[in-house]
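A closer look at the structure
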Amino acid sequence: MIYVVATTKVKPEGRAAYIAGAKACMAETHKEKGCVSYELHASVNDPDVFVFVERWETRDDLTAHSRAPHLKAWRELSAPLKASPTEIEIISGGEVQKL
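This section reports on the structure supplied with the text. (Residues numbered from 1 in each chain as written. Predicted model: local features only at pLDDT ≥ 70, side-chain atom pairs only at ≥ 80, totals over all residues. Heavy atoms only, no water.)

**Considering the packing of helix α1 (residues 15-29) against helix α3 (residues 69-78)**
At their nearest, the axes of α1 and α3 sit 10 Å apart, and the two run at 175 degrees to each other. By the angle class used here, α1 and α3 are roughly antiparallel. Where α1 approaches α3, its residues A17, Y18, G21, A22, C25, E28 and T29 are matched on the opposing element by H70, L71, W74, L77 and S78. Partitioning the contact of α1 with α3 into residue classes produces seven nonpolar, four polar and one charged. (Axes fitted to C-alpha atoms, helices over the stretch in contact; angles between N-to-C directions. Helix = DSSP H or I, 4+ residues; strand = E, 2+ residues; numbered from the N terminus. Parallel < 35°, antiparallel > 145°, perpendicular 65-115°, else oblique. Contact = heavy atoms within 4.5 Å. Nonpolar A, V, L, I, M, F, W, Y, C, P; charged D, E, K, R; others polar.)

**Notes on α1**
Residues that lie three or four places apart on an α-helix share one face, since the helix turns once every 3.6 residues. Spanning 15 residues, α1 covers 21 Å between terminal C-alpha atoms, matching the ideal 21 Å at 1.5 Å per step. Along α1, the positions that sit buried rather than exposed are Y18, G21, A22, C25, M26 and T29. Buried residues of α1, viewed axially, fall in a sector of 140 degrees; they line one side. With respect to the buried face of α1, the exposed residues turned more than 90 degrees away are A16 and K23. In this structure, the buried residues of α1 make contact with β1 (2-9), β2 (35-42), β3 (49-56), α2 (59-66) and α3. (Expected span 1.5 Å × (residues − 1). Buried < 20%, exposed > 50% of the residue type's maximum accessible area, 1.4 Å probe, protein only. Arc of directions from axis to C-beta.)

**Let's talk about the packing of aromatic side chains**
Taken as a whole and judged by the stated rule, the model has five aromatic pairs. Ring plane angle 45 degrees and centroid distance 5.2 Å describe the contact between Y38 and F52, whose orientation is recorded as tilted. Of this pair, Y38 sits in strand β2 while F52 sits in strand β3, placing them 14 residues apart in sequence. The burial state of Y38 is the same as that of F52; both residues are buried. Ring centres of F52 and W74 lie 6.2 Å apart, and the angle between their planes is 75 degrees; this geometry places the pair in the edge-to-face category. Of this pair, F52 sits in strand β3 while W74 sits in helix α3, and the two are 22 residues apart along the sequence. Pair check on accessibility: F52 and W74 agree, each one buried. Cluster of aromatic residues (ring-pair linked, three or more members): Y18, Y38, F50, F52, W56 and W74. (Phe/Tyr/Trp six-rings, centres within 6.5 Å; stacked < 30°, edge-to-face > 60°.)

Without other data, these values stay purely geometric and don't point to any function.
Spelled out as structure tokens, the structure:
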């Protein structure tokens, strides 16, 4: 099992657009091979911090996801809405890789 935790701070004025775009991306991602779960959560301490928590069956499935057209569209939509770059952690076999 591969876990991904992706944390993003969003500009307050971009919050609604970020959530709407995330929902569209999640709907498509749930259809992907190997997607066990792919959910978005808002921080309880800061309403502009969002965390995607993902579970993938294999690293190959995650790699395919990273190349999916809907993820490319999501990256383009979300980029101007972010207050800072997304912090990504990939967890597998007891090891954490930070991107």
